[in-house]
Amino acid sequence: MNNFSFGNLFRRPEAGAFLGLIGVLVFFVVFGSTKFLEPAGAASWLNVAANLGIVALPIGLLMIAGELDISIGAMIPAGSMMVAVLSGHYDFPIWIGMLGSILLGLVVGLINGILVVRTAVPSLIVTLGTLFAVQGLTLGFSVLVTGTTSVALTADPWAKFVFGQFLGGSFQVIIPWWFAITALFIFFIHYSPYGNWIFAMGGDKISARNAGIPTSRLTIALFVLSAVSASFVGMCQAILFNSAQVSGGMTFIFNSIISVVVGGVLLTGGFGSVIGIFLGTITFAIVNQGIYFTTFDRNWSSLIIGIMLLLAVLMNNTFRNMALAYRPKKK
């Protein structure tokens, strides 16, 4: 049995995210109040964290693998509009609209992954192109079909119950979805061979390919996962709020990247953890919403987020260097 060591804990990828979360909690308790930890206050940042977290998890995996997907900014409203147009405008059963939303994410994810693998064009450029393409298609399609950029939707009771209700009057039902998906990602990354493959791809993709890892198929699968997750969030939002709009997903691009970086994932790839991404998302959500529980002008929230990101990068780099420099003592 290994002896407990704080040094071992601080060498873990999520160490910086955990310390950052503690620091943020202390900050808002000192300069605000504990009301943001009470049920009504907690709901405000947990709702933000859940919607953002479902998108941030696959983005984090892509970044660990050395890739990036910014097309999520268009996929969220696209997934939302797909279910609203099919089941709200055309009155198809809600399950058809939901299926259409998920299939849209599948198609866009395949396009992103295949283009990155086949063309060797950086994923940032590829997904930038699909970001604007999907954004334009969503706007043009909705105006052409419905004549408007906002479509109403009334989902069946079972769909509202599973995907679009408030638990306890304040907590969105997407929160338990986020917890369940996080648990699946933890198993996938840290307890299955695929996780080691993803880390190997982020370290050196050519060496990973030479070692027999199916880098192309895994890259495509990660882009599909990212696009489908974004479509799922958009679908849940449409069902929850009984409407969909062609805009509203662009903030998820930078917010998810910030959450992932705060969670200990390196932009250069090959280092990170799912637990870190989970904690980083909570930290970002608390900073984003916690400003309302203080006397500060909310216009300062961007400054706080920027400082938090810089501190997180510095901390994560320190912990990474500690992990790489660590040499176990010989017995």
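Numbering of residues starts from 1 in every chain and runs along the sequence as written. The model is predicted, so local features are restricted to residues of pLDDT at least 70 and side-chain atom pairs to those at 80 or more, both for listing and for counting; the totals for chains, interfaces and linings are taken over all residues. Side-chain numbers come from the whole structure's heavy atoms, not from hydrogens or water.

J.: Go over the packing of aromatic side chains with me, naming the residues and quoting the values.
T.: What characterises a pair of aromatic rings is the spacing of the ring centres plus the angle enclosed by the ring planes. Pairing of aromatic rings covers Phe, Tyr and the six-membered ring of Trp, with a centre-to-centre limit of 6.5 Å; geometry is then stacked below 30 degrees between planes, edge-to-face above 60, and tilted otherwise. According to the stated counting rule, one finds 13 aromatic pairs in the structure shown. Aromatic pair Phe-36 and Phe-293: ring centres 6.2 Å apart, planes at 50 degrees, arrangement tilted. Here Phe-36 is found in the loop between helix H2 (15–31) and helix H3 (39–64), whereas its partner Phe-293 is found in the loop between helix H13 (274–290) and helix H14 (301–325), with 257 residues between them in sequence. Only protein chains enter the accessibility calculation, which uses a 1.4 Å probe. A residue is then buried if its area is under 20% of the maximum for its type, exposed if over 50%, and partly exposed in between. Taking the relative accessible area as the measure of exposure, Phe-36 reaches 1% and is therefore buried. Judged by centre distance (5.3 Å) and plane angle (20 degrees), the rings of Phe-163 and Trp-177 are stacked. Placement of the pair is Phe-163 in helix H7 (residues 157–163) and Trp-177 in helix H8 (residues 174–190), with a sequence separation of 14 residues. Among the residues examined, Phe-163 registers a relative accessible area of 12% and is labelled buried. Here the aromatic cluster, defined as three or more aromatic residues joined through ring pairs, consists of Phe-27, Phe-28, Phe-31, Phe-36 and Phe-293. For the purposes of this entry, the term helix denotes a DSSP run of H or I that reaches at least four residues, the term strand denotes a run of E that reaches at least two, and both are numbered from the N terminus.

J.: Account for a nonpolar patch on the surface, with residues named and values stated.
T.: Together, Phe-18, Leu-19, Ile-22, Val-26, Val-30, Phe-31 and Phe-296 give the surface a local cluster of nonpolar side chains, amounting to about 620 Å² of exposed area. Its place among the elements puts Val-30 in helix H2. A patch consists of residues exposed above 30% relative accessible area that lack any salt bridge, with like charges linked at up to 9 Å and nonpolar side chains (Val, Leu, Ile, Met, Phe, Trp, Tyr) linked at up to 5 Å. Accessible surface is estimated by sampling points in the Shrake-Rupley manner with a 1.4 Å probe; for residues, cover comes only from the protein chains shown. Salt bridges are identified by distance alone: a Lys or Arg side-chain nitrogen within 4 Å of an Asp or Glu carboxyl oxygen.

J.: Any details on empty space enclosed by the protein? Residues and values, ideally.
T.: Two kinds of site are reported from a 1 Å grid over the protein atoms alone, namely cavities, where a 1.4 Å probe fits but cannot get out, and pockets, open sets with protein on both sides within 12 Å along at least five of seven lines, and residues are called lining when an atom falls within 4 Å of a point. Grid points are joined across faces, edges and corners, and a volume is the space filled by probe spheres set on the points. Within the structure shown, the criterion is met by one cavity of 30 Å³ or more. When its volume is computed, the largest cavity comes out at roughly 50 Å³. Around the largest cavity, the lining residues are Asn-51, Phe-163, Gly-164, Gln-165, Gln-172, Val-173, Ile-174, Cys-236, Gln-237 and Leu-240. Sort the elements by how many residues they give to the lining of the largest cavity and helix H11 (residues 215–241) lands first, with three residues. Here the term charged refers only to Asp, Glu, Lys and Arg, the term nonpolar to Ala, Val, Leu, Ile, Met, Phe, Trp, Tyr, Cys and Pro, and the term polar to all other amino acids, Gly among them. The class makeup of the residues in the lining of the largest cavity is five nonpolar, five polar and no charged.

J.: So what's going on with the pattern of salt bridges? Residues and values would help.
T.: Following the criterion strictly, the structure yields one salt bridge and no others. Between Glu-67 and Lys-205 there is a salt bridge, and its shortest N-O distance comes to 2.4 Å. Taken together, the positions of Glu-67 in the loop between H3 and helix H4 (72–89) and Lys-205 in helix H10 (residues 205–210) put the pair 138 residues apart, joining distant regions of the chain. According to the relative accessible area criterion, Glu-67 is buried, its value standing at 12%.

J.: Which residues make up unusual backbone geometry, and what values go with them?
T.: Of note in this structure, Ala-120 is not a glycine but carries a positive phi near 65 degrees. Residue position: Ala-120 is located in the loop between helix H5 (94–119) and helix H6 (123–146). Ala-120 sits in the exposed class, given a relative accessible area of 66%. Phi at Asn-242 is positive, roughly 60 degrees, even though this residue is not glycine.

J.: If you had to explain the layout of surface pockets to someone new, which residues and values would you point to?
T.: Of the voids in this model, the largest pocket is the one considered here, and its volume is about 430 Å³. Taken together, 22 residues make up the lining of the largest pocket; nearest its centre are Ile-76, Gln-237, Phe-241, Gly-248 and Phe-252. Looking at the lining of the largest pocket element by element, the count peaks at four residues for H3. Each residue belonging to the lining of the largest pocket can be placed in one class, and the counts come to nine nonpolar, 13 polar and no charged. By volume, the second largest pocket amounts to about 310 Å³. Lining of the second largest pocket is provided by 20 residues; of these, Val-24, Ile-304, Ile-307, Met-308 and Leu-311 occupy positions nearest its centre. Of all elements in the fold, only H2, H13 and H14 reach the threshold of two or more residues within the lining of the second largest pocket. No other element matches the eight residues that H2 contributes to the lining of the second largest pocket. Residue classes in the lining of the second largest pocket are distributed as 16 nonpolar, four polar and no charged.

Any functional reading would require information that these geometric values do not contain.
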